[in-house]
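# Reading the structure
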Amino acid sequence: FSSFLGTGTSYQGIALAMQGRVLEGIEQIRQGMAARESVGAQCYSSGILLALAQAQAEAGQPEEGLATLAQVRALVEGADERYCESELHRVSADIMITLGDVTEAEARLHSAVKVARRQNAKSWELRATTSLARLWQAQGRVGDAREMLAAIHGWFTEGWDTPDLQQAKV
């Protein structure tokens, strides 16, 4: 049961980070991951580490976020834990934008969309497409952004109150 306690602690940290208590969330995610690692739990670690990387970037620690993403990449490749592979590319892109590398960010967002399509993961595709559309909008490519986003947004028939669909609509 120690792995479940560690997972719960990590998820509580993720929730704290999402509520704006980012540093506290980072600490709790790390505590949860340490508890999981102490009993050898690895399953679904990539998703928790992705949330940690996002929190690190939000806390002004993009380099730490990139290091955490390297751990995620190792899990995706080594353990074949590909359920969040698209999100790995999207979060990497967000950090690259923070670091000012827009060209690399765009390439990673295209990869995120491609992976999501290959996996038929419409929610991940929506997130990646929304991020790419935001980038294009900032570059003045509003028409391209709207056209691309409309295609995936139109696929959904329910869930209109979810944050991802609300952001895509905006």
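Residues numbered from 1 in each chain as written. Predicted model: local features only at pLDDT ≥ 70, side-chain atom pairs only at ≥ 80, totals over all residues. Heavy atoms only, no water.

## Description of the pattern of salt bridges
With the rule as written, the count across this model stands at 14 salt bridges. Note that arginine 21 is salt-bridged to glutamate 24, the shortest N-O span being 2.8 Å. Between arginine 82 and aspartate 80 there is a salt bridge, with its nearest N and O atoms 2.7 Å apart. Taking relative accessible area as the criterion, arginine 82 reaches 25% and is therefore assigned partly exposed. Under the relative-accessibility criterion, aspartate 80 is labelled exposed at 52%. Through salt bridges that share partners, Glu77, Asp80, Arg82, Glu85 and Arg118 make up one connected network. (Salt bridge = Lys/Arg side-chain N within 4 Å of Asp/Glu carboxyl O. Buried < 20%, exposed > 50% of the residue type's maximum accessible area, 1.4 Å probe, protein only.)

## Remarks on helix α1 (residues 2-18)
Helical geometry note: an α-helix holds 3.6 residues per turn, so side chains three or four residues apart project in the same direction. Taking 1.5 Å as the rise per residue, α1 with 17 residues should run 24 Å; its terminal C-alpha atoms sit 24 Å apart, in good agreement. Every buried residue of α1 is listed here: Gly6, Thr7, Thr9, Ser10, Gly13, Ile14, Leu16 and Ala17. At its buried positions, α1 is contacted by α2 (22-38) and α3 (45-58). The first or second residue beyond α1 is glycine 20, which carries a positive phi of 95°. (Helix = DSSP H or I, 4+ residues; strand = E, 2+ residues; numbered from the N terminus. Expected span 1.5 Å × (residues − 1). Contact = heavy atoms within 4.5 Å.)

## Points about the packing of α3 against helix α5 (residues 85-98)
In the contact formed by α3 and α5, the axes pass within 10 Å of each other and the chain directions differ by 10°. Considered as vectors, α3 and α5 are oriented roughly parallel to each other. Residues Leu50, Ala53, Gln54 and Ala57 of α3 form the contact with α5, whose participating residues are Glu87, Leu88, Arg90, Val91 and Ile95. Taken together, the residues of the contact of α3 with α5 break down into six nonpolar, one polar and two charged. (Axes fitted to C-alpha atoms, helices over the stretch in contact; angles between N-to-C directions. Parallel < 35°, antiparallel > 145°, perpendicular 65-115°, else oblique. Nonpolar A, V, L, I, M, F, W, Y, C, P; charged D, E, K, R; others polar.)

## Observations concerning the packing of aromatic side chains
Evaluation of the coordinates by the stated rule reveals three aromatic pairs. When the centroid spacing of 5.5 Å and the interplanar angle of 75° are considered together, the rings of tyrosine 44 and tyrosine 83 count as edge-to-face. Highlighted residues: tyrosine 44 in the loop between α2 and α3 and tyrosine 83 in the loop between α4 (62-78) and α5, separated in sequence by 39 residues. The class for tyrosine 44 is partly exposed, based on a relative accessible area of 48%. Between tryptophan 155 and phenylalanine 156, the aromatic rings sit 5.1 Å apart at their centres with planes inclined by 85°, giving edge-to-face as the arrangement. The ring centre of tryptophan 136 lies 4.1 Å from the NZ or CZ of arginine 141, which sits over that ring. (Phe/Tyr/Trp six-rings, centres within 6.5 Å; stacked < 30°, edge-to-face > 60°. Lys NZ or Arg CZ within 6 Å of the ring centre and 35° of its normal.)

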